[in-house]
Amino acid sequence: MRKFAICGVSNRAIGMFIRPMAKTFPNTCRLVGMLDIDPLRFKICKEQIPSVGSVPEFGADEFERMVKETGPDVIIVASRDDTHVHYILKALEHNLDVITEKPMATRGEDCRRILEAEKKSRGKVTVSFNYRYAPIHTRIKEMVLEGKVGRVTSVDLNWYIDTYHGSSYFKRWNRMREFSGGLSIHKSSHHFDLVNWWIGQKPVEAFAYGALNYYGANGEHNPKKEDRRHCAACDVKMDCNYYMRWTSRSKEVEVKDDHLGTVKTEGTGYTAYRPDQCIFDSAITIEDTYTAVVKYDGGALLSYSVNFSLPYEGYRLAINGTKGRIETMEFHAPSRTPFPTPLQTIDYFPLFGSKETIHVVQREGGHGGGDPVLLEDIFLGVDPRRPYPILSGSEDGAYSVATGEAVWRSVKENRPLKISEVLGN
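Residues numbered from 1 in each chain as written. Predicted model: local features only at pLDDT ≥ 70, side-chain atom pairs only at ≥ 80, totals over all residues. Heavy atoms only, no water.

Caption draft 1: View of the sheet that holds strand β1 (residues 2-7). The strand order across the open sheet built from seven strands is β3-β2-β1-β4-β5-β6-β15, with neighbouring strands paired in mixed fashion. Two strands in the sheet have a free side with no partner beyond their single neighbour: β3 (57-58) and β15 (392-393). As paired elements, strand β5 (residues 97-100) and strand β6 (residues 125-127) share three bridges and run parallel to each other. Of the residues in β6, the one forming a bridge with Ile99 is Thr126. (Pairing = 2+ DSSP bridges. Helix = DSSP H or I, 4+ residues; strand = E, 2+ residues; numbered from the N terminus.)

And the structure:
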(Lines give C-alpha, C1' and ligand atoms only; values in the text may rest on other atoms or scores of the structure.)
Protein backbone atom coordinates (compact mmCIF):
# COMPACT_ATOMS: atom_id res chain seq x y z
CA MET A 1 0.00 0.00 0.00
CA ARG A 2 1.52 3.31 -1.14
CA LYS A 3 0.23 6.68 -0.05
CA PHE A 4 -0.41 9.33 -2.72
CA ALA A 5 -1.03 13.07 -2.46
CA ILE A 6 -2.19 15.04 -5.49
CA CYS A 7 -1.37 18.61 -6.49
CA GLY A 8 -4.11 19.98 -8.72
CA VAL A 9 -7.62 18.52 -8.48
CA SER A 10 -8.41 19.08 -12.15
CA ASN A 11 -10.88 17.13 -14.26
CA ARG A 12 -7.89 15.23 -15.60
CA ALA A 13 -6.69 14.48 -12.07
CA ILE A 14 -10.10 13.16 -11.06
CA GLY A 15 -10.59 10.98 -14.13
CA MET A 16 -7.03 9.80 -14.64
CA PHE A 17 -5.80 9.31 -11.08
CA ILE A 18 -8.24 9.84 -8.21
CA ARG A 19 -11.15 7.74 -9.51
CA PRO A 20 -8.91 4.80 -10.58
CA MET A 21 -7.17 4.85 -7.19
CA ALA A 22 -10.52 4.68 -5.43
CA LYS A 23 -12.27 2.19 -7.69
CA THR A 24 -9.65 0.07 -9.50
CA PHE A 25 -6.55 0.08 -7.29
CA PRO A 26 -7.79 0.44 -3.68
CA ASN A 27 -5.66 -2.50 -2.54
CA THR A 28 -2.34 -1.00 -3.60
CA CYS A 29 -2.73 2.75 -3.14
CA ARG A 30 -4.45 5.29 -0.94
CA LEU A 31 -5.09 8.99 -1.50
CA VAL A 32 -4.02 10.88 1.63
CA GLY A 33 -4.04 14.52 0.53
CA MET A 34 -5.40 16.92 -2.10
CA LEU A 35 -3.94 20.34 -2.89
CA ASP A 36 -5.50 23.01 -5.08
CA ILE A 37 -5.96 26.76 -5.37
CA ASP A 38 -9.76 26.42 -5.62
CA PRO A 39 -11.71 24.86 -2.69
CA LEU A 40 -14.64 24.20 -5.02
CA ARG A 41 -12.57 21.55 -6.78
CA PHE A 42 -12.37 19.51 -3.56
CA LYS A 43 -16.15 19.69 -3.20
CA ILE A 44 -16.78 18.58 -6.79
CA CYS A 45 -14.24 15.74 -6.51
CA LYS A 46 -15.74 14.42 -3.29
CA GLU A 47 -19.27 14.61 -4.68
CA GLN A 48 -18.19 12.51 -7.65
CA ILE A 49 -16.14 10.05 -5.58
CA PRO A 50 -17.66 9.77 -2.08
CA SER A 51 -14.99 7.32 -0.89
CA VAL A 52 -12.41 10.16 -0.82
CA GLY A 53 -14.73 12.38 1.24
CA SER A 54 -12.45 12.34 4.30
CA VAL A 55 -9.21 13.07 2.44
CA PRO A 56 -7.58 16.24 3.87
CA GLU A 57 -7.57 19.38 1.73
CA PHE A 58 -4.74 21.89 1.35
CA GLY A 59 -4.31 25.24 -0.38
CA ALA A 60 -1.92 25.81 -3.26
CA ASP A 61 0.79 27.18 -0.94
CA GLU A 62 0.44 24.47 1.71
CA PHE A 63 2.62 21.76 0.17
CA GLU A 64 4.94 21.56 3.16
CA ARG A 65 2.05 21.17 5.58
CA MET A 66 0.44 18.51 3.37
CA VAL A 67 3.62 16.43 3.33
CA LYS A 68 4.17 16.82 7.06
CA GLU A 69 0.60 15.92 8.05
CA THR A 70 -0.16 13.14 5.53
CA GLY A 71 3.24 11.47 4.96
CA PRO A 72 2.80 10.53 1.28
CA ASP A 73 5.13 8.21 -0.59
CA VAL A 74 4.29 9.69 -3.99
CA ILE A 75 3.21 13.13 -5.22
CA ILE A 76 0.96 13.29 -8.30
CA VAL A 77 1.21 16.61 -10.16
CA ALA A 78 -1.83 17.44 -12.28
CA SER A 79 -2.07 21.20 -11.80
CA ARG A 80 -1.76 23.88 -14.49
CA ASP A 81 1.32 23.24 -16.64
CA ASP A 82 3.40 26.20 -15.43
CA THR A 83 3.07 25.05 -11.80
CA HIS A 84 4.41 21.53 -12.41
CA VAL A 85 8.04 22.47 -11.82
CA HIS A 86 7.29 23.99 -8.41
CA TYR A 87 5.61 20.88 -7.00
CA ILE A 88 8.06 18.46 -8.64
CA LEU A 89 11.04 20.26 -7.10
CA LYS A 90 9.33 20.40 -3.69
CA ALA A 91 8.61 16.68 -3.82
CA LEU A 92 12.19 15.83 -4.78
CA GLU A 93 13.45 17.96 -1.88
CA HIS A 94 11.50 15.59 0.38
CA ASN A 95 12.91 12.51 -1.43
CA LEU A 96 9.43 11.63 -2.70
CA ASP A 97 8.61 9.94 -5.99
CA VAL A 98 6.68 12.06 -8.48
CA ILE A 99 4.13 11.21 -11.13
CA THR A 100 3.47 14.23 -13.31
CA GLU A 101 1.10 14.93 -16.13
CA LYS A 102 2.73 16.02 -19.35
CA PRO A 103 4.37 18.36 -20.00
CA MET A 104 6.85 17.89 -17.18
CA ALA A 105 7.45 21.66 -17.28
CA THR A 106 6.85 24.51 -19.70
CA ARG A 107 10.48 25.55 -20.25
CA GLY A 108 13.69 23.71 -20.98
CA GLU A 109 15.39 25.63 -18.20
CA ASP A 110 12.90 24.22 -15.68
CA CYS A 111 13.42 20.72 -17.06
CA ARG A 112 17.14 21.08 -16.39
CA ARG A 113 16.37 22.13 -12.79
CA ILE A 114 14.24 19.00 -12.37
CA LEU A 115 16.95 16.74 -13.81
CA GLU A 116 19.55 18.23 -11.47
CA ALA A 117 17.24 17.96 -8.44
CA GLU A 118 16.42 14.33 -9.23
CA LYS A 119 20.12 13.43 -9.21
CA LYS A 120 20.36 14.72 -5.62
CA SER A 121 17.12 13.09 -4.46
CA ARG A 122 16.03 9.58 -3.55
CA GLY A 123 12.79 10.37 -5.39
CA LYS A 124 12.21 9.58 -9.05
CA VAL A 125 10.08 11.40 -11.63
CA THR A 126 7.63 9.61 -13.91
CA VAL A 127 5.88 11.45 -16.73
CA SER A 128 2.47 10.04 -17.68
CA PHE A 129 2.97 9.77 -21.44
CA ASN A 130 -0.06 7.58 -22.03
CA TYR A 131 0.09 7.60 -25.84
CA ARG A 132 3.05 5.20 -25.67
CA TYR A 133 0.67 2.57 -24.29
CA ALA A 134 -1.88 2.55 -27.12
CA PRO A 135 -1.81 -0.90 -28.79
CA ILE A 136 -0.97 0.51 -32.23
CA HIS A 137 1.93 2.48 -30.76
CA THR A 138 3.40 -0.42 -28.81
CA ARG A 139 3.24 -2.60 -31.93
CA ILE A 140 5.10 0.05 -33.92
CA LYS A 141 7.76 0.14 -31.21
CA GLU A 142 8.05 -3.63 -31.38
CA MET A 143 8.42 -3.58 -35.17
CA VAL A 144 11.28 -1.08 -34.92
CA LEU A 145 12.95 -3.19 -32.22
CA GLU A 146 12.53 -6.29 -34.39
CA GLY A 147 14.54 -4.54 -37.09
CA LYS A 148 11.69 -4.35 -39.61
CA VAL A 149 12.82 -0.95 -40.89
CA GLY A 150 16.51 -1.31 -40.12
CA ARG A 151 18.29 1.87 -39.08
CA VAL A 152 15.69 4.65 -38.93
CA THR A 153 16.54 7.45 -41.37
CA SER A 154 13.44 9.66 -41.37
CA VAL A 155 10.00 10.05 -39.85
CA ASP A 156 6.97 11.89 -41.21
CA LEU A 157 4.33 12.78 -38.62
CA ASN A 158 1.35 14.99 -39.39
CA TRP A 159 -1.11 15.57 -36.55
CA TYR A 160 -4.62 16.88 -37.13
CA ILE A 161 -6.74 18.44 -34.36
CA ASP A 162 -10.40 19.07 -35.22
CA THR A 163 -12.34 22.28 -34.67
CA TYR A 164 -13.96 20.99 -31.45
CA HIS A 165 -10.79 19.87 -29.71
CA GLY A 166 -8.53 22.49 -31.28
CA SER A 167 -10.72 25.46 -30.38
CA SER A 168 -10.98 24.25 -26.77
CA TYR A 169 -7.34 25.16 -26.16
CA PHE A 170 -8.12 28.74 -27.11
CA LYS A 171 -11.05 28.93 -24.68
CA ARG A 172 -8.95 27.87 -21.71
CA TRP A 173 -5.70 28.84 -19.96
CA ASN A 174 -3.72 26.91 -22.59
CA ARG A 175 -4.01 29.95 -24.90
CA MET A 176 -1.44 31.86 -22.82
CA ARG A 177 2.17 30.83 -23.32
CA GLU A 178 3.03 31.82 -19.75
CA PHE A 179 0.66 29.09 -18.51
CA SER A 180 1.08 26.30 -21.10
CA GLY A 181 4.34 26.96 -22.88
CA GLY A 182 2.30 27.01 -26.10
CA LEU A 183 0.81 24.08 -27.94
CA SER A 184 4.19 22.95 -29.28
CA ILE A 185 4.83 22.01 -25.64
CA HIS A 186 1.42 21.33 -24.11
CA LYS A 187 0.22 19.13 -26.99
CA SER A 188 3.18 18.36 -29.22
CA SER A 189 5.30 17.04 -26.34
CA HIS A 190 3.07 13.94 -26.63
CA HIS A 191 4.05 13.59 -30.29
CA PHE A 192 7.74 14.30 -29.85
CA ASP A 193 7.93 11.77 -27.04
CA LEU A 194 6.33 9.11 -29.22
CA VAL A 195 8.89 9.64 -31.98
CA ASN A 196 11.81 9.74 -29.54
CA TRP A 197 10.62 6.47 -28.00
CA TRP A 198 9.77 4.72 -31.27
CA ILE A 199 13.15 5.33 -32.89
CA GLY A 200 15.31 5.21 -29.74
CA GLN A 201 17.16 8.41 -30.58
CA LYS A 202 17.54 11.80 -28.89
CA PRO A 203 16.69 15.12 -30.58
CA VAL A 204 19.62 17.48 -31.07
CA GLU A 205 18.29 20.38 -33.17
CA ALA A 206 14.99 21.79 -34.46
CA PHE A 207 13.83 24.41 -36.95
CA ALA A 208 10.23 25.45 -37.46
CA TYR A 209 7.70 27.80 -38.96
CA GLY A 210 4.41 28.56 -37.26
CA ALA A 211 1.54 31.03 -37.06
CA LEU A 212 -1.79 31.91 -35.48
CA ASN A 213 -4.00 31.31 -38.51
CA TYR A 214 -7.46 30.48 -37.19
CA TYR A 215 -7.90 31.97 -33.74
CA GLY A 216 -7.19 35.39 -32.21
CA ALA A 217 -8.65 38.74 -33.23
CA ASN A 218 -7.69 38.29 -36.89
CA GLY A 219 -9.24 34.85 -37.30
CA GLU A 220 -11.18 34.68 -40.56
CA HIS A 221 -14.30 33.27 -38.86
CA ASN A 222 -14.45 35.92 -36.12
CA PRO A 223 -18.08 37.18 -36.17
CA LYS A 224 -17.33 40.30 -34.14
CA LYS A 225 -14.16 42.29 -33.45
CA GLU A 226 -14.56 42.50 -29.70
CA ASP A 227 -12.69 41.14 -26.70
CA ARG A 228 -13.84 39.81 -23.30
CA ARG A 229 -16.60 37.59 -24.62
CA HIS A 230 -17.60 34.19 -23.24
CA CYS A 231 -19.52 31.59 -25.21
CA ALA A 232 -22.30 31.24 -22.64
CA ALA A 233 -23.33 34.90 -22.90
CA CYS A 234 -22.05 35.80 -26.37
CA ASP A 235 -24.50 37.80 -28.47
CA VAL A 236 -23.01 36.56 -31.74
CA LYS A 237 -22.43 32.89 -30.93
CA MET A 238 -25.09 31.86 -33.45
CA ASP A 239 -22.80 33.41 -36.08
CA CYS A 240 -19.71 31.61 -34.79
CA ASN A 241 -18.90 28.56 -36.92
CA TYR A 242 -16.77 27.00 -34.19
CA TYR A 243 -19.65 27.16 -31.71
CA MET A 244 -22.49 26.19 -34.03
CA ARG A 245 -20.56 23.26 -35.56
CA TRP A 246 -21.06 21.43 -32.25
CA THR A 247 -24.44 22.71 -31.05
CA SER A 248 -27.78 24.02 -32.32
CA ARG A 249 -30.15 26.89 -31.62
CA SER A 250 -32.57 24.75 -29.61
CA LYS A 251 -30.26 22.57 -27.54
CA GLU A 252 -26.69 21.97 -26.50
CA VAL A 253 -25.28 18.80 -28.03
CA GLU A 254 -23.14 16.34 -26.11
CA VAL A 255 -19.87 15.78 -27.95
CA LYS A 256 -17.78 12.73 -27.14
CA ASP A 257 -14.16 13.42 -26.29
CA ASP A 258 -11.61 11.60 -24.11
CA HIS A 259 -9.90 14.89 -23.23
CA LEU A 260 -12.74 17.30 -22.54
CA GLY A 261 -16.19 17.72 -21.07
CA THR A 262 -19.14 18.73 -23.22
CA VAL A 263 -20.43 22.12 -24.22
CA LYS A 264 -22.99 21.74 -21.42
CA THR A 265 -20.27 22.71 -18.94
CA GLU A 266 -19.39 25.99 -20.63
CA GLY A 267 -19.78 29.06 -18.50
CA THR A 268 -20.14 27.04 -15.28
CA GLY A 269 -17.95 25.13 -12.88
CA TYR A 270 -14.98 26.32 -10.90
CA THR A 271 -14.27 29.53 -9.02
CA ALA A 272 -12.75 32.33 -11.11
CA TYR A 273 -12.24 30.01 -14.07
CA ARG A 274 -14.14 30.13 -17.34
CA PRO A 275 -13.46 27.39 -19.93
CA ASP A 276 -15.51 29.29 -22.52
CA GLN A 277 -13.37 32.36 -23.24
CA CYS A 278 -13.68 33.69 -26.77
CA ILE A 279 -11.35 31.98 -29.22
CA PHE A 280 -11.02 35.27 -31.10
CA ASP A 281 -9.61 37.33 -28.21
CA SER A 282 -6.61 39.53 -28.98
CA ALA A 283 -4.97 38.36 -25.73
CA ILE A 284 -4.05 34.94 -27.19
CA THR A 285 -0.25 34.53 -27.22
CA ILE A 286 0.30 31.13 -28.89
CA GLU A 287 0.23 29.62 -32.37
CA ASP A 288 -2.26 27.17 -33.88
CA THR A 289 -0.15 25.86 -36.80
CA TYR A 290 3.39 24.46 -36.93
CA THR A 291 5.70 22.76 -39.38
CA ALA A 292 9.05 21.61 -38.02
CA VAL A 293 12.16 19.59 -38.82
CA VAL A 294 14.00 17.82 -36.00
CA LYS A 295 17.46 16.24 -36.24
CA TYR A 296 18.38 13.25 -34.03
CA ASP A 297 21.65 12.00 -32.59
CA GLY A 298 21.34 8.71 -34.46
CA GLY A 299 21.03 10.44 -37.84
CA ALA A 300 17.24 10.33 -38.20
CA LEU A 301 15.26 13.36 -39.38
CA LEU A 302 11.68 14.14 -38.34
CA SER A 303 9.30 16.11 -40.54
CA TYR A 304 6.47 17.21 -38.24
CA SER A 305 3.35 19.30 -38.58
CA VAL A 306 0.33 20.00 -36.42
CA ASN A 307 -2.80 22.02 -37.12
CA PHE A 308 -5.42 22.89 -34.48
CA SER A 309 -8.41 23.68 -36.69
CA LEU A 310 -9.28 20.90 -39.10
CA PRO A 311 -12.47 19.07 -40.18
CA TYR A 312 -11.39 15.81 -38.51
CA GLU A 313 -8.90 14.57 -35.94
CA GLY A 314 -6.11 12.03 -36.18
CA TYR A 315 -2.59 11.61 -37.49
CA ARG A 316 -0.57 10.20 -40.37
CA LEU A 317 2.75 8.51 -39.62
CA ALA A 318 5.56 7.03 -41.69
CA ILE A 319 8.84 5.66 -40.33
CA ASN A 320 11.51 5.03 -42.97
CA GLY A 321 14.65 2.99 -42.55
CA THR A 322 17.39 1.15 -44.38
CA LYS A 323 15.26 -2.02 -44.58
CA GLY A 324 11.71 -0.75 -45.03
CA ARG A 325 8.88 1.59 -44.14
CA ILE A 326 6.02 1.62 -41.60
CA GLU A 327 2.83 3.57 -42.26
CA THR A 328 -0.35 4.13 -40.27
CA MET A 329 -3.27 6.56 -40.31
CA GLU A 330 -5.52 7.20 -37.32
CA PHE A 331 -8.93 8.85 -37.35
CA HIS A 332 -9.55 9.93 -33.78
CA ALA A 333 -13.04 10.52 -32.35
CA PRO A 334 -15.04 8.84 -35.15
CA SER A 335 -18.27 10.33 -33.78
CA ARG A 336 -16.93 13.77 -34.74
CA THR A 337 -15.59 12.75 -38.14
CA PRO A 338 -17.87 13.74 -41.05
CA PHE A 339 -17.32 10.48 -42.97
CA PRO A 340 -17.01 6.74 -42.25
CA THR A 341 -13.63 5.93 -40.69
CA PRO A 342 -11.70 2.70 -41.23
CA LEU A 343 -10.18 0.62 -38.43
CA GLN A 344 -6.59 1.64 -37.86
CA THR A 345 -3.99 -0.82 -39.13
CA ILE A 346 -0.23 -0.72 -39.73
CA ASP A 347 1.22 -1.14 -43.22
CA TYR A 348 4.75 -2.49 -43.51
CA PHE A 349 6.71 -2.17 -46.76
CA PRO A 350 10.01 -4.09 -46.91
CA LEU A 351 12.58 -2.21 -48.99
CA PHE A 352 12.60 -5.15 -51.41
CA GLY A 353 9.35 -7.05 -51.03
CA SER A 354 5.58 -6.90 -50.83
CA LYS A 355 3.36 -4.90 -48.50
CA GLU A 356 2.11 -6.44 -45.25
CA THR A 357 -0.89 -5.16 -43.28
CA ILE A 358 -0.87 -5.70 -39.52
CA HIS A 359 -4.12 -5.70 -37.55
CA VAL A 360 -3.78 -4.88 -33.86
CA VAL A 361 -6.14 -5.93 -31.07
CA GLN A 362 -7.84 -2.79 -29.77
CA ARG A 363 -8.40 -1.90 -26.09
CA GLU A 364 -10.98 0.23 -24.34
CA GLY A 365 -9.92 3.38 -22.55
CA GLY A 366 -8.71 6.90 -23.19
CA HIS A 367 -5.84 7.80 -25.50
CA GLY A 368 -6.35 4.85 -27.79
CA GLY A 369 -6.57 2.37 -24.93
CA GLY A 370 -3.32 3.60 -23.40
CA ASP A 371 -4.64 5.07 -20.14
CA PRO A 372 -5.65 1.80 -18.39
CA VAL A 373 -2.29 0.11 -19.04
CA LEU A 374 -0.31 3.15 -17.98
CA LEU A 375 -2.29 3.21 -14.73
CA GLU A 376 -1.45 -0.44 -14.10
CA ASP A 377 2.26 0.36 -14.43
CA ILE A 378 1.87 3.34 -12.08
CA PHE A 379 -0.28 1.73 -9.39
CA LEU A 380 0.70 -1.96 -9.66
CA GLY A 381 4.31 -1.60 -10.75
CA VAL A 382 5.85 -1.99 -14.20
CA ASP A 383 4.72 -5.17 -15.98
CA PRO A 384 7.72 -7.54 -15.62
CA ARG A 385 6.71 -9.45 -18.76
CA ARG A 386 7.20 -6.45 -21.05
CA PRO A 387 10.54 -6.83 -22.87
CA TYR A 388 11.21 -3.11 -23.42
CA PRO A 389 10.96 0.07 -21.30
CA ILE A 390 7.82 2.15 -21.78
CA LEU A 391 7.17 4.16 -18.60
CA SER A 392 8.62 7.63 -19.16
CA GLY A 393 11.15 9.28 -16.89
CA SER A 394 12.44 12.81 -16.37
CA GLU A 395 14.87 12.68 -19.30
CA ASP A 396 12.00 11.71 -21.62
CA GLY A 397 9.97 14.59 -20.26
CA ALA A 398 12.85 17.01 -20.69
CA TYR A 399 13.56 16.10 -24.32
CA SER A 400 9.91 16.40 -25.31
CA VAL A 401 9.55 19.84 -23.68
CA ALA A 402 12.87 21.09 -25.03
CA THR A 403 11.89 20.07 -28.56
CA GLY A 404 8.59 21.90 -28.18
CA GLU A 405 10.32 25.02 -26.90
CA ALA A 406 12.86 24.84 -29.72
CA VAL A 407 9.94 24.76 -32.16
CA TRP A 408 8.13 27.88 -30.92
CA ARG A 409 11.36 29.78 -30.34
CA SER A 410 12.52 28.89 -33.83
CA VAL A 411 9.28 30.40 -35.12
CA LYS A 412 9.90 33.60 -33.17
CA GLU A 413 13.66 33.85 -33.70
CA ASN A 414 13.78 32.50 -37.28
CA ARG A 415 16.72 30.19 -36.61
CA PRO A 416 17.42 26.57 -35.74
CA LEU A 417 17.92 25.83 -32.05
CA LYS A 418 20.06 23.18 -30.42
CA ILE A 419 18.22 21.13 -27.82
CA SER A 420 21.23 21.52 -25.53
CA GLU A 421 20.81 25.30 -25.77
CA VAL A 422 17.18 25.06 -24.72
CA LEU A 423 18.06 22.81 -21.77
CA GLY A 424 20.88 25.13 -20.77
CA ASN A 425 23.51 22.41 -20.99
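Caption draft 2: Expanded view of the nonpolar core. Ranked by internal contacts, the top residues of the largest apolar core, which has 118 residues, are Phe17, Ile18, Ile319 and Phe379. Tallying contributions element by element places helix α13 (residues 394-413) first for this core, with eight residues. Not counting the four nearest positions on each side in its chain, Phe379 is found in contact with Phe4, Phe17, Met21, Phe25, Thr28, Cys29 and Ile76. (Core = buried A, V, L, I, M, F, W, Y, C linked by side-chain atoms within 4.5 Å. Buried < 20%, exposed > 50% of the residue type's maximum accessible area, 1.4 Å probe, protein only. Contact = heavy atoms within 4.5 Å.)

Caption draft 3: Local environment of the sheet that holds strand β11 (residues 313-321). A sheet is described by the order of its strands in space; here nine strands give the open sequence β14-β13-β12-β11-β7-β10-β9-β8-β16, paired in mixed fashion. What marks the edges here is a single partner per strand, and that holds for β14 (356-358) and β16 (417-418). Both strand β7 (residues 152-162) and β11 contribute to a ladder of eight bridges, which runs antiparallel. Bridging from a neighbouring strand, Val155 pairs with Ile319 of β11.

Caption draft 4: Highlighting helix α3 (residues 63-70). What α3 keeps buried is the set Phe63, Met66, Val67 and Thr70. Seen end-on, α3 carries its buried residues on one side only, within an arc spanning 95°. Among the exposed residues of α3, those oriented more than 90 degrees off its buried face are Lys68 and Glu69. Lining the buried residues of α3 we find β1, β2 (29-35), β3, β4 (74-77) and α4 (84-93). Looking at the residues trailing α3, positive phi occurs at Gly71, about 55°. (Arc of directions from axis to C-beta.)

Caption draft 5: Fine view of the pairing of β11. Of all nine residues in β11, eight are buried, a share of seventy percent or more. In terms of strand pairing, β11 meets strand β12 (residues 324-332) through eight bridges, oriented antiparallel. Residue pairing across strands places Ala318 opposite Glu327, the latter belonging to β12. Hairpin connection, β11 to β12: the antiparallel pair is bridged by two residues.

Caption draft 6: Just unusual backbone geometry, in detail. For the peptide bond that leads from Lys102 to Pro103, omega is -10°, which places it in the cis range. Following the sequence through the fold, Pro103 ends up in the loop between β5 and α5 (108-120). Even without glycine at this site, Asn95 takes up a positive phi of about 60°.

Caption draft 7: Structural view of the pattern of salt bridges. One pass over the structure, following the stated rule, counts 36 salt bridges. Measuring nitrogen to oxygen at the nearest pair gives 3.5 Å for the salt bridge that ties Glu101 to Arg12. Remark: Arg12 occurs in helix α1 (residues 11-23) and Glu101 occurs in the loop between β5 and α5; sequence separation between them is 89 residues. Judged by relative accessible area, Glu101 falls into the buried class, the value being 10%. Overall, Arg12 belongs to the partly exposed group, its relative accessible area being 25%. In this structure, Asp276 and Arg274 form a salt bridge, with 3.0 Å as the shortest nitrogen-oxygen distance. (Salt bridge = Lys/Arg side-chain N within 4 Å of Asp/Glu carboxyl O.)

Caption draft 8: Quick peek at the side chain of Arg386. The topology assignment puts Arg386 in the loop between α12 (366-380) and β15. Residue class for Arg386 comes out buried when judged on its relative accessible area of 18%. Of note is the side chain of Arg386, whose polar atom sits 2.8 Å from the side chain of Asp377. (Polar contact = N/O pair within 3.5 Å; in protein donor to acceptor, adjacent residues only side chain to side chain.)

Caption draft 9: Seen up close, the packing of aromatic side chains. By the definition in use, this model includes 18 aromatic pairs. Plain terms: the ring middles of Phe25 and Phe379 are 5.3 Å apart, the flat faces sit at 45° to each other, and that makes the pair tilted. With Phe25 in the loop between α1 and β2 and Phe379 in helix α12, the pair connects residues that are 354 residues apart, well separated along the chain. Of the two residues examined, Phe25 and Phe379, each falls in the buried class. Ring centres 6.1 Å apart and planes at 65° place the aromatic pair Tyr242 and Phe280 in the edge-to-face group. Taken together, the positions of Tyr242 in helix α11 (residues 241-244) and Phe280 in the loop between α11 and β9 (289-296) put the pair 38 residues apart, joining distant regions of the chain. Tyr242 sits in the buried class, given a relative accessible area of 9%. (Phe/Tyr/Trp six-rings, centres within 6.5 Å; stacked < 30°, edge-to-face > 60°.)

Caption draft 10: View of the side chain of Thr337. Tracing the backbone through its elements, the reader meets Thr337 in the loop between β12 and β13 (346-350). Looking at Thr337, the relative accessible area reads 10%, which means it is buried. Here Ala333 takes part through its backbone oxygen, which lies 3.2 Å from a polar atom of the side chain of Thr337. What Thr337 contacts, discounting residues up to four positions off in sequence, is Tyr312 and His332.

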